[in-house]
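The chain contents come next:
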Amino acid sequence: MNIQTEMIRRFNDARLRQVDLEFGLQSLVPVELHAINRPQNIEHVKKGIAKLHELGLSFSVDLIYGLPLQTLESWRYSVSKLQEWGVENIATYPLVLFDGSALEQPSQRQKYGFEVMSCCTQHIGMPCECLKLPCVVSSNSFSFQDWQTMNNEALAIFHKLP
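Criteria and thresholds
Residues numbered from 1 in each chain as written. Predicted model: local features only at pLDDT ≥ 70, side-chain atom pairs only at ≥ 80, totals over all residues. Heavy atoms only, no water. Disulfide = S-S within 2.5 Å. Helix = DSSP H or I, 4+ residues; strand = E, 2+ residues; numbered from the N terminus. Buried < 20%, exposed > 50% of the residue type's maximum accessible area, 1.4 Å probe, protein only. Pairing = 2+ DSSP bridges. Right-handed = clockwise from strand over helix to strand, strands pointing away. pLDDT = per-residue confidence, 0-100. Core = buried A, V, L, I, M, F, W, Y, C linked by side-chain atoms within 4.5 Å. Contact = heavy atoms within 4.5 Å. Phe/Tyr/Trp six-rings, centres within 6.5 Å; stacked < 30°, edge-to-face > 60°. Expected span 1.5 Å × (residues − 1). Arc of directions from axis to C-beta.

## Here's the deal with the state of the cysteines
Among covalent bonds in proteins, the disulfide is the one between the sulfur atoms of two cysteines.
Part 1: Per the stated rule, a full pass over the model turns up 1 disulfide.
Part 2: Each disulfide pairs two cysteine sulfurs, and for Cys119 the partner residue is Cys135, the sulfurs being separated by 1.6 Å. Pair noted here: Cys119 is in strand β4 (residues 115-119) and Cys135 is in strand β5 (residues 133-138), with a separation of 16 residues, a long-range link.
Part 3: The exposure class of Cys135 is buried, given its relative accessible area of 0%.

Set out below in structure tokens:
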């Protein structure tokens, strides 16, 4: 997330308070971000979030569970840091291996030990008739049981359940 103060100021000046900004952060753990080729300056992210709060702009941050090198503990770390920073809207999604994506390649699937299961990113954990997508449900760094825990926690966050 590369939030520039000038961009935020322009949103504020234009009174775009009807607009919800969404940031696809994915994780706050550098090794996970490096594995998905999405390096971030975490201190910059924290300052950007603080600036958005200061200006009263509505925003959400996306996190993905099932990332390469992710663990149950590192997933919880990302969630807890965003909550600590006052992020009220956290959107959570499982890692999906889309055709042609870098992580879908056999060498990457083998490197990270990905196991996949058909799932629906709209209704994870619930019966549905939606398009089924190949979600990573275990890897070298997390078990299927860990994934189920992340999935349940993600549902609770996404739907703001207690």
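## Focus on unusual backbone geometry
Part 1: A positive phi angle is found at Gln26, which is not glycine, with a value near 80°.
Part 2: Tracing the sequence through the fold places Gln26 in strand β1 (residues 21-26).
Part 3: Take Gln26: its relative accessible area is 9%, and that puts it in the buried class.
Part 4: In this structure, Leu69 is a non-glycine residue whose phi angle is positive, near 70°.
Part 5: Within the secondary structure layout, Leu69 lies in the loop between β2 (59-65) and α4 (72-84).

## Examining the pairing of strand β3 (residues 90-94)
Part 1: Of all 5 residues in β3, 4 are buried; the element is thus mostly enclosed.
Part 2: Two elements, β2 and β3, share 5 bridges in a ladder whose sense is parallel. Across the sheet, the residue bridging to Asp62 is Ala91, located in β3.
Part 3: Note on the crossover from β2 through α4 to β3: the handedness is right-handed.

## Digging into the confidence of the model for the protein
Part 1: Overall, the predicted model of the protein reaches an average pLDDT of 85, with 78% of residues at or above 70.
Part 2: In the model of the protein, helix α1 (residues 5-13) stands out as the element of lowest mean pLDDT, 61, in contrast to α4, which has the highest, 97.

## So, the nonpolar core
Part 1: Phe59, Trp75, Leu82 and Leu95 are the most contacted members of the largest nonpolar core, which totals 37 residues.
Part 2: Counting only elements with at least two residues in this core, the list comes to β1, α2 (30-35), α3 (42-55), β2, α4, β5 and α6 (144-158).
Part 3: If one sorts the elements of this core by residue count, β2 sits on top with 5 residues.
Part 4: When neighbours within four sequence positions are excluded, Phe59 is seen to be in contact with Leu21, Phe23, Ile49, Leu52, His53, Val87 and Asn89.

## Thoughts on the packing of aromatic side chains
Part 1: Inspection of every chain in the model, using the stated rule, returns 5 aromatic pairs.
Part 2: Ring geometry for Tyr65 and Trp75: centres 5.4 Å apart, planes at 65°, overall edge-to-face. Of this pair, Tyr65 sits in strand β2 while Trp75 sits in helix α4, and the two are 10 residues apart along the sequence. The same class applies to Tyr65 as to Trp75, namely buried.
Part 3: Ring plane angle 45° and centroid distance 6.0 Å describe the contact between Tyr65 and Trp147, whose orientation is recorded as tilted. Residue Tyr65 is located in strand β2, and its partner Trp147 is located in helix α6; the two are separated by 82 residues in the primary sequence. The same class applies to Tyr65 and to Trp147, which are both buried.
Part 4: Through a chain of ring-to-ring contacts, three or more aromatic side chains come together here, namely Tyr65, Trp75, Phe144 and Trp147.

## Some thoughts on α6
Every α-helix winds through 3.6 residues per turn, so residues three or four apart in the chain are directed the same way.
Part 1: With 15 residues, α6 should cover 21 Å at 1.5 Å per step; its first-to-last C-alpha distance of 20 Å lies within 8% of that length.
Part 2: Within α6, burial applies to Trp147, Met150, Asn151, Ala154, Leu155 and Ile157. Down the axis of α6, the buried side of the element spans an arc of 160°, and every buried residue falls inside it.
Part 3: Against the buried residues of α6 lie β2, α4, β3, β4 and β5.

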